[in-house]
Every structure is written in C-alpha cells, then in structure tokens.
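Each chain, written out:
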Amino acid sequence: MKCENIIAKMKTKILKNSKKSILYAAELLKKGDTIALPTETVYGLAGRYDNNKTIEKIFSIKNRPLNNPFIIHYSSSDLALADIYFDSRAEILAKKFWPGPLTLVAKVKNKKISKLALSGLETVAVRVPSNKIILSIIEHVNIPLAAPSANRYGKLSPTSAKDVYEELNGKISTIYDGGSTNIGVESTVVDISKKETAVLRYGGIDESLINDLTNLKRKKIVSKKFLSPGLSKSHYKPNTPLRINASYPKKNEGWLAFGKKPKNFKGIILSLSKKKCLKESAKNLYKMLRLLDKKDITTIAVQKIPKRGIGLAINDRLERAAYNSKFKNE
Ligand code: TXA
Ligand code: MG
C-alpha cells in the first residue's frame, strides 16, 4: 500500500530585504510559522519561543534530536537578562558583547519559554544578535524567537539565503534574504549557570577577550568542561570526506588553502584568506566547504589553521566535520 507523505512539500519563498518584508516576516512569526532569518553569524530557523507546536516543527524540519535545546534570540540585553537568573558575569559580558555573537547559558526564569525549546533543562541559552534585520523582526513580533541554525541536523550551517534554500527547500514557507552573514561561524556559547564559567562552544568572539574581563581575570574560563547537549563529536559535515591540518594537497583532492594557493598544483583550489586573516577565513569557511562539496574530488584537504582567536572556532568546526573520517588527519 502506498502511503502519502505526512510532511507535505511546500513552495519556499525567498523574501528580498525591505520594510514590507520585515512586517510580513513578523506577521508570519506571530501566527506561529517558522521561517529562516539572517543573523551576523549564520542563518537561523526561527519561531516564537512560547509556542510548543512551532518549536516541535523546527525540531522536525531539521531532524534534530529533542534533547538538543535552542537559543532564544532577544531584541535587547535588558529583555534577555530579564529571562535568566544572573550575576555580575552576565552584566559584564552582555555590556561588552551584546548585540553580537555571544550566547549565555544560565538558569531560566521565564516560565513562558516552551519546555520543548529548552529540552526540559533548567537552563536556557539566550543571545542578542547584532544583525539589523533579525533585530527589527524580533521588535515587530514583540516576542523573543527560538532559533537553531537553519541547516539539516549534522550538516554545514548556512551563511546565505541560497545555502538555506539548498538545505530546507520545500520544508519551510519562507527564507528572508539578508545577504551573506558577516561572521560565518556560530556564536560563542558561555555557561554562567554554575560558579565556574565555561566556554561550551568556541565561536564568533575571541575567547581571550572573555578571559580578559576584569572579574574573570583570576578565574580562567574552563573550556568545554561541561558538555553542551549539542556538542556532538561529529557535526558540520560536508558529504565529501575531509582531511584537516594538511600541509599540501594530493592528486584528486580539492585544496582549501589558508594563505596563498600552492604553485604547481593543478587541482581545484580555494583560499580561506590569501592574507592569512582568521576573521576572513571564518567568514568563508562554510561557504567554501559547500562549494568544494559540489566538485568532483575524492577529498577536501584543509591547510593547517592557527588555533588562536576565531581560529579556535574554525578548528573546532573542522575537527567535528572530519570526525570518523578515514584519514588520520595530519
Ligand atoms: O550563532 C548562533 O548561535 C546560531 C544563530 C542562528 O543564532 N545558532 C545556533 O544554534 O548555532 P544551534 O541550535 O545550532 O546551536 C546552539 C547550541 C547547541 O549546541 C545547543 O546544544 C546549545 O547551544 N545549547 C542550547 N541551550 C543550551 C543549554 N541550556 N545548555 C547548554 N547548551 C545549550
Ligand atoms: Mg547548529
């Protein structure tokens, strides 16, 4: 017997940026729809933070396990802080980095937040993005938005509306086109729910800047000591196998360079940054992995990238993308 598909395929519309589109997107969200929006890090798949049905739909569209909670996005630091229990650490970090690519994990105070979005935890991840489009949309909806990255679970995060279309075409009603994202990797997630501050995920903020903040000076942040539900070893995967920390490309490989392209190599080459700029590399990382993934190559070989500043986030994503790969990864 042939059964009909339960999730009906829908036509996905791409909205051009305009005042009218902001109002239209806000209206859809208010009604409980889930749509893809730009942030300064990566595109998110957003929905009202207080609607279980909407949240359930986001989990199902992404095929994401229910034990991996979402980040709640706010239009101001005051509103974000009002929903958590916090101490001076949150005030200092919020003042310095919001709006921007920082996510704080703290004990949840607001009972309206969907339990499903929190995966039943007593903590919540909150952030105030700096992208003007999402900020304006949240202000118009006047309700915070739960939003994971707008990719299928385990795949590369999208940094443009076209990337979202490739990931979720037919599964969502609307993608808001806000151009390419500025930072290119996800936000830095910092856990302040316990006495000891911990960086759960490296991201758009240089970790050393967080450590340098006055009242954290004496207590160095313990990176990744407490596991975040979503920090699986394998993630952000292109379909083509990855060979990381490489020094030179082999025959039939695609080469993702950090710096100038190597002479005498005839294969496919892209450079994350010819000037070896880490910020430029982060911005190009997912975009270039996606481009190379479409080429007829055996492997994507990635040149060694320094583990400092945003280079920590780049290496973190590459290590997880290469997890379980057949290569020893030099
Ligand atoms: O830049 C970003 O953070 C993007 C944009 C769209 O805002 N969002 C994003 O969301 O990357 P997502 O869902 O792909 O990643 C959120 C991470 C996951 O690893 C999740 O497990 C973790 O944050 N997280 C959420 N709530 C948490 C909590 N209460 N405790 C610990 N980790 C949490
Ligand atoms: Mg994600």
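Quick caveat, the model's predicted, so the values are computed rather than measured.

Turning our eyes to something else, we now look at the side chain of Thr-181. Relative to the helices and strands, Thr-181 resides in the loop between β9 (174–176) and β10 (188–191). Taking the relative accessible area as the measure of exposure, Thr-181 reaches 4% and is therefore buried. Looking at Thr-181, its side chain comes within polar contact range of the main-chain oxygen of Thr-41, at 2.9 Å. Setting aside anything within four residues of it in sequence, one finds Thr-181 in contact with Thr-39, Glu-40, Thr-41, Val-42, Tyr-43, Thr-159 and Lys-283.

The next subject is the packing of helix α1 (residues 19–30) against helix α5 (residues 132–141). Close contact between α1 and α5 brings their axes to 9 Å; oriented N to C, the two are set at 55°. Judged by the inter-axis angle, α1 sits oblique to α5. Of the two elements, α1 crosses α5, and the hand of that crossing is right-handed. Mapping the contact onto sequence places Lys-19, Ile-22, Leu-23, Ala-25, Ala-26, Leu-29 and Lys-30 in α1 and Ile-133, Ser-136, Ile-137, His-140 and Val-141 in α5. Its residues assigned to classes, the contact of α1 with α5 shows eight nonpolar, two polar and two charged.

This next bit is on helix α9 (residues 311–321). Residues separated by three or four positions in an α-helix point in the same direction, a consequence of the helix having 3.6 residues per turn. With 10 of 11 residues buried, α9 is to be regarded as a mostly interior element. Along α9, the positions that sit buried rather than exposed are Gly-311, Leu-312, Ala-313, Ile-314, Asn-315, Asp-316, Arg-317, Leu-318, Arg-320 and Ala-321. Buried residues belonging to α9 abut β11 (198–201), α7 (207–212), β13 (242–246), α8 (278–293) and β16 (299–303).

Our focus in this paragraph is the domain arrangement of the protein. For the protein, the assigned domains read domain 1 (13–218) and domain 2 (242–321). Its C-alpha centre places domain 1 at a distance of 27 Å from the equivalent point of domain 2. At the interface, 21 residues of domain 1 touch 15 residues of domain 2. Here domain 1 meets domain 2 over a buried area of about 1500 Å², counting both sides, of which 56% is carbon and sulfur. Per-residue buried area on domain 1 facing domain 2 is highest for Leu-156, Val-185 and Tyr-202; these three make up 37% of the total on that side. Connecting domain 1 to domain 2 are five salt bridges.

Rules used throughout
Residues numbered from 1 in each chain as written. Chains lettered and ligands numbered in written order. Predicted model: local features only at pLDDT ≥ 70, side-chain atom pairs only at ≥ 80, totals over all residues. Heavy atoms only, no water. Helix = DSSP H or I, 4+ residues; strand = E, 2+ residues; numbered from the N terminus. Buried < 20%, exposed > 50% of the residue type's maximum accessible area, 1.4 Å probe, protein only. Polar contact = N/O pair within 3.5 Å; in protein donor to acceptor, adjacent residues only side chain to side chain. Contact = heavy atoms within 4.5 Å. Axes fitted to C-alpha atoms, helices over the stretch in contact; angles between N-to-C directions. Parallel < 35°, antiparallel > 145°, perpendicular 65-115°, else oblique. Left-handed = near helix turned anticlockwise from the far one by under 90°. Nonpolar A, V, L, I, M, F, W, Y, C, P; charged D, E, K, R; others polar. Domains from an automatic or database assignment. Buried area = accessible area lost by both parts, 1.4 Å probe. Salt bridge = Lys/Arg side-chain N within 4 Å of Asp/Glu carboxyl O.

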